[in-house]
Every structure is written in structure tokens, then in C-alpha cells.
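What follows is each chain in one-letter form.
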Amino acid sequence: MDLTLTKTKVLITVMTYPHPSESHQELVCTAGITEAQKWVRLYPIDYRYRPKEQQFRKYQWIEIGLAARGAKNDDRKESRKPDLDSITLLGNPLSSANDWRARGEIIDAMPHHTRTELEGLYTAEKVSLGIVRPTEILDLKVESVERQWKPEWEATLKQFNLFGDQPKPLQKLPYKFSYVFRCADTGERPHSAMIEDWELGVLYRKEVERLGGEEEAIASVKKKYLDEMCHRSRDTRLFMGTVFPYNTWVVIGVFWPPKSCQPGLF
């Protein structure tokens, strides 16, 4: 660990679906916004293997020691290698139960871009996190993928499961979900971006269990994401980030307050 660590307060806004790791059991790509209103990526974090008192939730402030750079060769602008033992939770998550004020005041103050602008910022400055406000969500595309982890990851998961108390086995999602959308820069061809948000994976798994079938679960997920989170009454924003080491932009979270919750109208 880099000895030059800076204690930083971060509002967690993004947690992606876990994936296996040879060195950390499994990892969750986590990102948030600092008190200075800057994006920061915390990686690697073995979230499900952290002590309960360190398992933060989305829209919860934490304090954490961060190195000046990302892990290994990760030179993306926002990436910081975290000191996992330093994670401290600060109060309860900001709620959206009554209104979206606490979350909205922070998100609205961040820069918003088009998809094309984000791609240009990555090329020029290695910017790899940002917010897109789509003008139209056209579809939630669902495609079948491999149902099992690749053999080396299966071996990794089995190896770690031999030791100590373990969380539930990490299930691979058998489908890839992608938003098809337009934003202010979109020409004739709309954008498409895979969704890596942990909440989508959890929702899909719960709906399979509740409804008893994959087709029914997919229909329920599409209804939630298209008819509720992207309804015309919502001011939907997409949190987007790149997949290391490629400049591939994916959706890593969705912010969907009512349109009535505009700045100054809370």
C-alpha cells in the first residue's frame, strides 16, 4: 500500500456487480463523490468479505484512506487505491423515502455530459466517470451470455470457499442488460451501454426466485427500469464509467428523482 494516504470523505453512489479475483476472492468496483465534489473510484474493494461495520451502502458517507493513484497500471483520472482497513461509516445512507433532496443537491452540482463528450474527456484527460442525462430511453436490451464463470474464476471461488465464514456463493448473471438511449449528442444511431449496476443483478435474482422463471424475471426487471426508473415523470440520469483497461463506457448506476425535484424546488 502506498504510504502517502489521504483521509477522504466519500459519498458512495456506485457499486457494480461483484466479480471473482485471484487475490481478493471477489471485487466490487465502487465509486462516489468527495466533499470537494470530485469523482473518485475506490478499487479494489472485496466488499462482501469486509466486516459488517465496514459494509457501506449506496448514498452513505464514508471516510477512507486513499492513495494518490489507482492500483497497478490503472491510470484513470479518478482511480485511487483504498486502504481497506481504514473504512469508517459516517451516519446513515441519505434517504429517498420522503424526497430526494439530500441526494439531489450533491448529484445536481456535478458536471453532466453527453456520451460523446465523455469519450472525448477520456481521450484527452483519462476521465473515466461521469453523468449522462438521456433525452430518451428507447429500450432495455437483454442478451444471453455464458452461464458459468470461466474455469480459472471457478477454481478461485472454490479455493477461497474452503476457509472461514463465507458469504453466499457468487452467482453469475446469465444475461447481459444494456440501455439503448439518446442524449443531446445522438445522431441517427442511438447509444447502447451495458449495465453493471449491482442493484440490477440483485433485482434479477430476487425476481427469478419470486416469480419462478427467467423470462418472468426479465420482464419484471424491464418493467422496473423502463416504466418506473425511466418514466417521463422522472429526471433520469445515468452514472457511467469505463471498464479497465479498455475505454469501454458502461452504465454503473441510475439516479432517477421525480422531475419536480429540480434545483431550488426541493
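Whatever comes next refers back to the structure up there.
Conventions adopted
- Residues take numbers from 1 onward in each chain, read along the sequence in its written order.
- Totals for whole chains, interfaces and linings use every residue, but because this is a predicted model, local features are given only for residues with pLDDT of at least 70 and side-chain atom pairs only at 80 or more, for both listing and counting.
- To obtain the side-chain values, all non-hydrogen atoms of the structure were included, while hydrogens and water were left out.
- In this text, helices come from DSSP runs of H or I with a minimum length of four residues, and strands from runs of E with a minimum of two, each type numbered from the N-terminal end.
- Based on C-alpha atoms, the radius of gyration is set beside the globule rule, defined as 2.2 Å times the residue count to the power 0.38.
- Exposed residues in this analysis have more than 50% of their type's maximum accessible area, buried residues have under 20%, and partly exposed residues fall in between, with area computed by a 1.4 Å probe over protein chains only.
- We call two residues in contact when some of their heavy atoms are within 4.5 Å.
- Accessibility throughout is a Shrake-Rupley quantity obtained with a 1.4 Å probe, and a residue counts as covered only by protein chains that appear here.
- Counted as positive: Lys and Arg. Counted as negative: Asp and Glu, with His and the chain ends omitted from the count.
- Think of each charge as sitting on NZ of Lys, CZ of Arg, CG of Asp or CD of Glu.
- Distance and chemistry together define a polar contact, namely a pair of N or O atoms within 3.5 Å, with one atom able to donate a hydrogen and the other to accept it when in protein, and with adjacent residues in sequence counting only for side-chain atoms on both sides.
- When DSSP finds two or more bridges between a pair of strands, those strands are recorded as paired.
- Buried residues of nine kinds, namely Ala, Val, Leu, Ile, Met, Phe, Trp, Tyr and Cys, make up a nonpolar core once their side-chain atoms join them within 4.5 Å.

Draft legend 1. Quick peek at the overall build of the protein. Helix and strand counts for the protein stand at five helices and 15 strands. For 266 residues, the compact-globule formula gives about 18 Å, and the C-alpha radius of gyration of the protein, at 18 Å, lands near that figure. For the protein, the residues scored as buried account for 45% of the 266 residues in total. Restricting the contact set of the protein to residue pairs at least 6 apart, pairs at least 24 apart contribute 67%. In the form shown here, the protein has an accessible surface area of approximately 14000 Å², with 49% of it arising from carbon and sulfur atoms. Each charge class in the protein can be summarised by its mean position, and for the 39 positive and 38 negative side chains these summaries are 1 Å apart.

Draft legend 2. Inspection of the side chain of Q54 at higher detail. Mapped onto the elements, Q54 comes out in the loop between strand 5 (39-42) and strand 6 (61-66). Residue Q54 is classed as buried on the basis of its relative accessible area of 7%. From its side chain, Q54 meets the backbone oxygen of D85 in a polar contact 3.3 Å long. Discounting residues that sit within four places of it in the chain, Q54 has contacts with L84, D85, S86, I87 and L89.

Draft legend 3. Focus on the pairing of strand 12 (residues 175-182). Across the eight residues that make up strand 12, a large majority, six, are buried. The pairing of strand 11 (residues 136-144) with strand 12 spans eight bridges and is antiparallel. By the bridge assignment, K141 is partnered in strand 12 with S178. As paired elements, strand 12 and strand 13 (residues 191-194) share four bridges and run antiparallel to each other.

Draft legend 4. Spotlight on the nonpolar core. Y179, F239 and M240 are the most contacted members of the largest nonpolar core, which totals 61 residues. Here this core takes six residues from strand 15 (residues 248-255), the largest share from any one element.

Draft legend 5. Molecular detail of the environment of K223. Residue placement: K223 occurs in helix 5 (residues 214-228). Sequence separation of K223 and L140 is 83 residues, and the distance between their C-alpha atoms is 9.4 Å.

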